[in-house]
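Residue strings, one per chain:
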Amino acid sequence: MTDQQQDDKLWGGRFTEATDAFVEAFTASVDFDRRLYRHDIEGSRAHARMLAKVGVLTEAECAAILEGLDEVLHDIERGDFAWSVSLEDVHMNIEARLTDRIGVAGKKLHTGRSRNDQVATDIRLYLRDEIDFLLGEIRRAQHALLDLAEREADTILPGFTHLQVAMPVTFGHHMLAWFEMLDRDFDRLADCRKRVNVMPLGAAALAGTTYPIDRDYTADLLGFARPANNSLDAVSDRDFAIEFCAAGALIMTHLSRFAEELVLWASAQFDFVDLPDRFCTGSSIMPQKKNPDVPELLRGKSGRTNGNLISLLTLMKGQPLAYNKDNQEDKEPLFDTVDTLRGSLRAFADMVPHLKVKAERMRAAARQGYSTATDLADYLVRKGVAFRDAHEIVGKSVRYGIEQGRDLADLALDELRQFSDAIEDDVFEVLTLEGSVAARNHLGGTAPEQVRKQVQGARGRLG
Ligand code: ARG
């Protein structure tokens with residue numbers, strides 16, 4: 001590095017030696033934090049307007065800064081901006097370009113501010129926008145699930161516990177279980193947004209500033225709910241990013257569960273659904289293959305978001321107040337979680353409406369697994385048999401069915417009556433799959449009528 005380049009540094013005044021070239025690259029963040037440029041400019045605009053309002057900048061200086069920042073924004077957006085590693089980060093790159101463009105007024109923008117409160121503000125502005133987008137994507141996925149639940153309210157598949165056939169359930173009910181998980185995810189993100197939406201600006205480096213700043217005014221301009229109460233906390237708090245990554249990891253955990261079911265269901269062994277061709281790929285060697293790549297990736301990508309959460313928790317653990325350069329490491333995990341959520345929610349919401357449900361296959365699977373055995377026990381209880389005795393009777397009936405290779409509904413009345421004479425010819429109503437699901441007709445139950453009610457209720461709530 002030449003002395004001339006050293007002179008370019010915005011903090012070069014107290015240094016006598018140029019930064020080591022490797023150290024310069026090692027400490028720079030511009031390669032990744034440039035993604036914050038719009039929010040950095042937005043924050044700077046508000047800061048300049050506040051400084052003019054309190055008389056620290058003249059109106060003319062403020063106007064020059066605002067115009068200059070617009071031009072810089074424009075330069076960046078049309079690709080006419082050479083990001084420089086020697087200017088370290090997004091903040092100093094933009095400020096240097098502003099000063100190039102408008103001269104001395106540009107050098108006044110940083111009055112009463114530090115990169116410490118600036119970067120904390122930028123990330124919050126950025127994350128607030130991303131949360132708003134992601135909330136919309138979650139809702140889109142939820143609507144897709146509601147539509148599918150309604151369409152398949154009467155479709156019956158085996159419900160599983162321990163991945164063993166347990167009881168018949170409706171496919172609509174199953175989709176509504178996924179819906180509920182996303183509903184909690186939505187609430188978690190919306191709640192996290194409240195803590196994102198607090199403004200660090202004005203904290204300056206760590207202790208506040210000697211200028212007569214008006215933080216409420218800046219907060220208003222930026223749409224923040226309020227300025228942060230404590231300057232030390234404001235520059236060093238990254239809880240909001242951790243919370244976001246935790247909420248994001250849970251979203252991906254849910255998507256990975258849905259994805260795993262889709263992978264299973266799309267296999268020849270289950271054959272419950274057909275995934276749209278355009279969400280699958282083939283094999284370069286096995287011509288017959290149609291691989292469920294999108295669900296597999298949804299499942300696999302949860303690894304990243306878990307990792308990002310742990311990275312941020314570890315980054316913050318043990319950090320003394322206030323700002324530390326460690327915090328520059330907050331961005332890549334955060335950005336990666338944002339990108340992963342964007343891609344994954346999009347893929348999921350786009351795929352769900354095109355799932356082809358193979359009702360006949362599901363039905364056949366539900367009929368094979370003695371899934372109405374509990375219904376037979378409940379039937380016996382209604383006829384006055386004690387539940388434990390009923391359990392025993394049904395167990396014997398199932399064993400007989402297995403020996404015969406037939407389901408309960410396929411046994412003749414006489415065969416069933418070997419095990420209990422409480423069984424009469426009305427038994428076949430409860431042994432059918434339709435009878436079984438329709439009987440679970442209460443809030444939260446699997447009956448088609450309940451599924452339709454839930455869909456209507458959820459649509460009303462989501463708007
Ligand atoms: N690039 C830095 C970051 O992302 C900006 C703040 C730097 N502050 C400082 N005092 N070096 O955290």
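As the structure is a prediction and not an experimental result, all values here were calculated from the model.

Peer 1: What is the right way to read the overall build of the chain from this model?
Peer 2: When its secondary structure is counted, the chain shows 22 helices and six strands. Taken against the 2.2 N^0.38 rule, which gives 23 Å for 463 residues, the C-alpha radius of gyration of the chain at 31 Å runs more than 25% over that of a compact globule. Overall, the chain is about 100 × 50 × 40 Å in size when its C-alpha atoms are taken along their principal axes. The 463 residues of the chain split such that 50% are buried.

Peer 1: I'm lost on unusual backbone geometry in this one. Help?
Peer 2: Across residues other than glycine, the phi torsion is negative in most instances, and most of the peptide bonds are trans. At the junction of Leu 321 and Ala 322, the peptide bond is cis and its omega measures out at 0° in the coordinates. Take Ala 322: it is sitting in the loop between α14 (302-316) and α15 (331-351). Look at His 162: it is not a glycine, yet its phi comes out positive at around 55°. Residue placement: His 162 occurs in the loop between β1 (156-161) and β2 (164-170). With a phi close to 55°, Leu 163 is a non-glycine residue in the positive phi region.

Peer 1: Sorry, what's going on with the site of the ligand here?
Peer 2: For the ligand, the full set of nearby residues is Ser 29, Asp 33, Asp 89, His 91, Arg 115, Asn 116, Val 119, Tyr 323, Gln 328 and Lys 331. Here Gln 328 contributes a side-chain N or O atom positioned 2.8 Å from a nitrogen atom of the ligand. A total of 340 Å² of accessible area belongs to the ligand in isolation, and the protein chains cover 86% of it. Counting residues per element, the shell around the ligand draws most heavily on helix α8 (residues 115-151), which supplies three residues. A class-by-class count of the residues in the shell around the ligand yields two nonpolar, four polar and four charged.

Peer 1: Just checking my understanding: could you explain the pairing of β2 for this structure?
Peer 2: Of the strand pairs in this sheet, β1 and β2 are connected by six bridges, and their pairing is antiparallel. Across the sheet, Thr 161 pairs through a bridge with Gln 164, a residue of β2. Taking the residues between adjacent antiparallel strands as the criterion, β1 and β2 are bridged by two residues, where His 162 takes a positive phi near 55°.

Peer 1: Looking at this structure, how should I read the side chain of Gln 328?
Peer 2: Mapped onto the secondary structure, Gln 328 falls in the loop between α14 and α15. In this structure Gln 328 comes out as buried when scored by relative accessible area, which is 9%. Among the polar contacts listed, one links the side chain of Gln 328 to the side chain of Ser 29, at a separation of 3.4 Å.

Peer 1: Please clarify how the environment of Ala 365 should be interpreted in this entry.
Peer 2: With respect to the helices and strands, the residue Ala 365 is situated in helix α16 (residues 359-368). For the pair Ala 365 and Phe 272, spaced 93 residues apart in sequence, the C-alpha separation works out to 9.0 Å. Excluding anything up to four places from it in sequence, Ala 365 contacts Pro 158, Val 165 and Phe 272.

Peer 1: Please clarify how the nonpolar core should be interpreted in this entry.
Peer 2: Across soluble globular proteins, nonpolar side chains show a tendency to be buried alongside one another. Of all hydrophobic cores here, the largest spans 72 residues; its most connected members are Leu 127, Trp 178, Phe 244, Trp 265 and Phe 348. Secondary structure elements with two or more residues in this core: α8, α9 (171-196), α12 (239-266), α14, α15, α16 and α22 (448-462). Dropping the residues within four chain positions of it, Trp 265 is found in contact with Leu 157, Phe 171, His 174, Met 175, Trp 178, Phe 270, Asp 271, Phe 272 and Val 273. In terms of nonpolar packing, the next biggest core, distinct from the first, is built from 21 residues, Cys 62, Ile 65, Leu 69 and Trp 83 among them.

Peer 1: Even after reading the chapter, I still don't get the packing of aromatic side chains, so can you show me in this structure?
Peer 2: Working definition: an aromatic ring pair is given by the centre-to-centre distance plus the angle between the planes. Per the stated rule, a full pass over the model turns up 13 aromatic pairs. With centroids separated by 5.0 Å and ring planes inclined at 55°, the aromatic side chains of Trp 11 and Phe 15 adopt a geometry described as tilted. With relative accessibility at 42%, the residue Phe 15 sits in the partly exposed group. Aromatic pair Trp 178 and Phe 258: ring centres 4.7 Å apart, planes at 15°, arrangement stacked. One end of the pair, Trp 178, is in helix α9; the other, Phe 258, is in helix α12, and 80 residues separate them in sequence. The two residues Trp 178 and Phe 258 agree in class, both being buried. Ring-pair connections join several aromatic residues into one group, and the members of that group are Phe 160, Phe 171, Trp 178, Phe 258, Trp 265, Phe 270, Phe 272 and Phe 348.

Peer 1: Just to check I follow, could you spell out the packing of α9 against α12 for this structure?
Peer 2: To describe two helices that pack against each other, one gives the angle between their axes and the distance between the axes. Closest axis-to-axis distance for the α9/α12 pair is 8 Å, and the angle between their directions is 165°. With respect to their mutual orientation, α9 and α12 come out roughly antiparallel. Relative to α12, α9 is oriented so that their crossing is left-handed. Of the residues in α12, those in contact with Phe 171, His 174, Met 175, Trp 178, Met 181, Leu 182, Asp 185, Arg 188, Leu 189, Cys 192, Arg 195 and Val 196 of α9 are Phe 240, Glu 243, Phe 244, Ala 247, Leu 250, Ile 251, His 254, Arg 257, Phe 258, Glu 261, Leu 262 and Trp 265.

Peer 1: I tried to follow a negative patch on the surface on my own but got confused; where do I start?
Peer 2: A surface patch of like charges, here negative, comprises Asp 31, Asp 326, Glu 329 and Glu 332. Exposure remark for Glu 329: the relative accessible area of 46% places this residue in the partly exposed category.

Peer 1: Would you explain helix α5 (residues 59-77) in this entry?
Peer 2: What sets the pattern is the α-helix's 3.6 residues per turn: residues three or four places apart point alike. Across its 19 residues, α5 extends 27 Å between first and last C-alpha, which sits within 8% of the 27 Å expected from 1.5 Å per residue. For α5, the full list of buried residues reads Glu 61, Cys 62, Ile 65, Leu 66, Gly 68, Leu 69, Val 72, Asp 75 and Ile 76. Packed against the buried residues of α5 are α4 (37-53), α6 (90-102) and α7 (104-108). Two residues or fewer after α5 comes Gly 79, characterised by a positive phi angle close to 80°.

Peer 1: Can you walk me through a nonpolar patch on the surface in this structure?
Peer 2: Residues Phe 22, Val 23 and Phe 26 make up a contiguous nonpolar surface patch of roughly 350 Å² in combined accessible area. Tracing the backbone through its elements, the reader meets Val 23 in helix α2 (residues 21-27).

Peer 1: Looking at this structure, how should I read the environment of Ile 65?
Peer 2: Tracing the backbone shows Ile 65 in helix α5. Along the primary structure Ile 65 and Leu 380 are separated by 315 residues, whereas in three dimensions their C-alpha atoms are 82 Å apart. With sequence-adjacent residues up to four places away left out, Ile 65 is seen in contact with Ala 48, Leu 57, Leu 98, Ile 102, Ala 105 and Leu 109.

Peer 1: Just checking my understanding: could you explain the pattern of salt bridges for this structure?
Peer 2: Where charged atoms of side chains with opposite charge meet at close range, the side chains can pair. What the rule picks out here adds up to 43 salt bridges. Of the charged contacts in the structure, one is a salt bridge between Asp 75 and Arg 97, with a shortest N-O distance of 2.7 Å. With Asp 75 in helix α5 and Arg 97 in helix α6, the pair connects residues that are 22 residues apart, well separated along the chain. Residues Arg 406 and Glu 415 are paired through a salt bridge, measuring 2.8 Å at the closest nitrogen-oxygen approach. Taking the relative accessible area as the measure of exposure, Arg 406 reaches 26% and is therefore partly exposed. Linked through salt bridges whose partners overlap, the residues forming this network are Glu 71, Asp 75, Arg 78, Asp 80, Arg 97 and Arg 101.

Here is what the cut-offs are and how they apply
Think of each chain on its own: its residues are numbered from 1, step by step along the sequence as written. Local features in a predicted model are, by the rule used here, given only for residues with pLDDT of at least 70; side-chain atom pairs are given and counted only at 80 or more, and totals for whole chains, interfaces and linings are based on all residues. With hydrogens and water stripped out, all remaining heavy atoms of the structure feed into the side-chain values. Helix and strand assignments follow DSSP, with helices taken as H or I runs no shorter than four residues and strands as E runs no shorter than two, numbered in order from the N terminus. Only C-alpha atoms enter the radius of gyration; for comparison, a globular chain is expected to reach 2.2 Å times N to the power 0.38, where N is the number of residues. In this scheme, a residue with accessible area under 20% of its type's maximum is buried, one over 50% is exposed, and one in between is partly exposed, where area comes from a 1.4 Å probe on protein chains only. By convention in this text, a residue qualifies as near a molecule or strand provided that one of its non-hydrogen atoms is within 4 Å of it. N or O atoms within 3.5 Å of each other form a polar contact, as long as, within protein, one can give a hydrogen and the other can take it, and as long as residues adjacent in sequence are counted only when both atoms are side-chain atoms. All accessible-area figures derive from a Shrake-Rupley calculation using a 1.4 Å probe, and residue coverage is judged against the displayed protein chains alone. Under the convention adopted here, Pro, Cys and the residues Ala, Val, Leu, Ile, Met, Phe, Trp and Tyr are nonpolar, Asp, Glu, Lys and Arg are charged, and Gly plus all remaining residues are polar. In this scheme, strands are said to pair when DSSP sees at least two bridges between them. Contact between two residues is taken to exist if any of their heavy atoms lie within 4.5 Å; hydrogens are not considered. Working definition of a nonpolar core: buried Ala, Val, Leu, Ile, Met, Phe, Trp, Tyr and Cys residues. They are joined through side-chain atoms within 4.5 Å. Two aromatic rings, drawn from Phe, Tyr or Trp (for Trp, its six-membered ring), form a pair once their centres lie within 6.5 Å of each other, and the interplanar angle then sorts them: stacked below 30 degrees, edge-to-face above 60, tilted otherwise. Here an angle of 0 to 180 degrees is reported between the N-to-C directions of two axes, which are lines fitted to C-alpha atoms, with helices fitted over the stretch in contact. An angle below 35 degrees is read as roughly parallel, one above 145 as roughly antiparallel, one from 65 to 115 as roughly perpendicular, and any other as oblique. By convention the crossing between two helices is left-handed if the near helix lies anticlockwise of the far one by an angle smaller than a right angle, and right-handed if it lies clockwise. Like charges are joined within 9 Å and nonpolar side chains (Val, Leu, Ile, Met, Phe, Trp, Tyr) within 5 Å, but only among residues with over 30% relative accessible area and no salt bridge; these make up the patches. The rule for a salt bridge is simple: a side-chain nitrogen of Lys or Arg has to be within 4 Å of a carboxyl oxygen of Asp or Glu. Positive charges come from Lys and Arg, negative ones from Asp and Glu, while His and the chain ends are left out of the count. Lys charges are placed at NZ, Arg charges at CZ, Asp charges at CG and Glu charges at CD. Multiplying 1.5 Å by the helix residue count minus one yields the expected span of that helix.

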